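A look at the structure
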Amino acid sequence: MLSSPWIAALAALFVWWFSTGAILFAVRRADHGGPHARLWACLMTLPIVVLGVAGFIDTLANPSLAAVYVAFLSALAIWGWIELTFLTGTITGPVTSHSVPNVSEGERFIRAWGTVAYHEMLLGAVMVAMVILSWGAENQFGMWTFAVLFAARISAKLNLYLGVRKVNVEFIPEPLEHLPSHFRTARMNWLFPMSITALSFTTACWLERLWVSESQADIVGFALLSALSALALLEHWFMVLPLPDEKLWRWMLPERPQPAQATRLSEEVQ
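The present account deals with the structure reproduced in this document. (Residues numbered from 1 in each chain as written. Predicted model: local features only at pLDDT ≥ 70, side-chain atom pairs only at ≥ 80, totals over all residues. Heavy atoms only, no water.)

Looking at where Thr 88 falls in the secondary structure, it is placed in the loop between α4 (65-87) and α5 (105-114). Of note is the side chain of Thr 88, whose polar atom sits 3.0 Å from the side chain of Thr 90. Discounting residues that sit within four places of it in the chain, Thr 88 has contacts with Val 27, Arg 38, Cys 42 and Pro 175. (Helix = DSSP H or I, 4+ residues; strand = E, 2+ residues; numbered from the N terminus. Polar contact = N/O pair within 3.5 Å; in protein donor to acceptor, adjacent residues only side chain to side chain. Contact = heavy atoms within 4.5 Å.)

Below you can see the structure in the form of structure tokens.
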């Protein structure tokens, strides 16, 4: 059953939804406990990273069907922990204050990128390490999984900073309450059509590779990458279309009271 590309695509959808919900749940719970709870949330989940790294390295020389799934899940585990460190405010950037009023667009963008600089540097370092380790390896699906996530997140952040129609601040936790003041709402920015085109082309490439592949492991691997790229494409459309993406997880998350300042900023961004 796991050899079916349709099952693989559904598995990618479910794992993405479940892992994102688990991260948001952990972040929301940590918000109730304060700074120490946020730090402990990152420390207690470190074994997930260890398992992810071990699984990624162990599958590099193994092109079997099971190894493809393990490589995919390992890359997601590493990416998920890095996202957790960001959303808990553990690894963000040197800029941790709200945007200065009446600042020029250029300076606002520079300050905005400074809010996530350390996080992006960590993601970039992991991406470089994966490329080096995967160079010439028989199983490169773990690296490509992380590459899709990395490119999609970079593109999403750039679009939020350059300006999109719909900015969702539903899941911004307490340590990152300064982020909405750096976002920009606009009808469209010059990067968005390029992002959509690039993600569409990437998805089409994975589908083409799936179509011409003969190995069952390769078919499943490219099905996983196709589904993940399609999800990234859908996430981008969520930023400009009035789609209630937050309802995918809101029902399972504990409520967190928002300070008055954060509520005001959310209303201004919306």
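This is not the end of the story, as more comes after the structure.
Turning our eyes to something else, we now look at the packing of aromatic side chains. Under the definition given, this model contains eight aromatic pairs. With a centroid separation of 5.2 Å and 75° between ring planes, the pair formed by Phe 141 and Phe 222 is classed as edge-to-face. One end of the pair, Phe 141, is in helix α7 (residues 141-162); the other, Phe 222, is in helix α9 (residues 216-238), with 81 residues separating them in the sequence. Of the two residues, Phe 141 and Phe 222, both sit in the buried class. Ring geometry for Phe 192 against Trp 237: centres 5.5 Å apart, planes inclined by 80°, an arrangement best described as edge-to-face. (Phe/Tyr/Trp six-rings, centres within 6.5 Å; stacked < 30°, edge-to-face > 60°. Buried < 20%, exposed > 50% of the residue type's maximum accessible area, 1.4 Å probe, protein only.)

Before going further, it helps to examine unusual backbone geometry. A positive phi angle, near 60°, is found at Asn 102, a position not held by glycine. Position of Asn 102 among the secondary structure elements: in the loop between α4 and α5. Take Asn 102: its relative accessible area is 83%, and that puts it in the exposed class.

For the rest of this paragraph, the subject is the pattern of salt bridges. Across all of its chains, the model carries seven salt bridges by this definition. Notably, a salt bridge pairs Glu 105 with Arg 108, separated by 3.0 Å at the nearest N-O pair. With Glu 105 and Arg 108 both in helix α5 and three residues apart, the pair spans about one turn of that helix. Judged by its relative accessible area of 8%, Arg 108 falls in the buried class. Among the salt bridges present, the one from Arg 153 reaches Glu 235, with a minimum N-O distance of 3.1 Å. Placement of the pair is Arg 153 in helix α7 and Glu 235 in helix α9, with a sequence separation of 82 residues. Here Glu 235 falls in the partly exposed class, since its relative accessible area comes to 23%. Sharing partners across several salt bridges, the network here consists of Asp 31, Arg 38 and Glu 174. (Salt bridge = Lys/Arg side-chain N within 4 Å of Asp/Glu carboxyl O.)

One can describe the packing of α7 onto helix α8 (residues 191-212) by two numbers: an axis separation of 10 Å at closest approach and a directional angle of 165°. What the angle tells us is that α7 and α8 run roughly antiparallel. Regarding α7 and α8, the two cross each other, and that crossing is left-handed. The segment α7 lies against α8, with Trp 144, Val 148, Ser 155, Leu 158, Asn 159 and Leu 162 engaging Leu 191, Phe 192, Ser 195 and Trp 206. (Axes fitted to C-alpha atoms, helices over the stretch in contact; angles between N-to-C directions. Parallel < 35°, antiparallel > 145°, perpendicular 65-115°, else oblique. Left-handed = near helix turned anticlockwise from the far one by under 90°.)

We now examine the packing of α5 against α7. A pair of packed helices is characterised by two quantities: the angle between their axes and the separation of those axes. It is at 10 Å that the axes of α5 and α7 come closest, and there the two elements cross at 145°. Regarding α5 and α7, the two cross each other, and that crossing is right-handed. Between α5 and α7, the contacting residues are Arg 108, Phe 109, Ala 112 and Trp 113 on the first element and Ile 154, Lys 157, Leu 158, Tyr 161 and Leu 162 on the second. A class-by-class count of the residues in the contact of α5 with α7 yields seven nonpolar, no polar and two charged. (Nonpolar A, V, L, I, M, F, W, Y, C, P; charged D, E, K, R; others polar.)

Glancing now at a nonpolar patch on the surface. Residues Leu 39, Trp 40, Leu 43, Met 44 and Leu 46 make up a contiguous nonpolar surface patch of roughly 520 Å² in combined accessible area. Ranked by residue count, the leading element in the nonpolar patch is helix α2 (residues 35-44), at four residues. By the element assignment, Leu 46 lies in helix α3 (residues 46-58). (Patch = residues over 30% accessible without salt bridge, like charges linked within 9 Å, V, L, I, M, F, W, Y side chains within 5 Å. Areas by Shrake-Rupley, 256 points an atom, 1.4 Å probe, with all protein chains shown as cover.)

Here the focus is the environment of Ser 64. Considering the arrangement of structural elements, one finds Ser 64 in the loop between α3 and α4. Its relative accessible area of 30% is what places Ser 64 among the partly exposed residues. Separated by 153 residues in sequence, Ser 64 and Ala 217 have C-alpha atoms that sit 5.8 Å apart. Here the side chain of Ser 64 touches Asn 62 through a polar contact of 2.9 Å, side chain to side chain.

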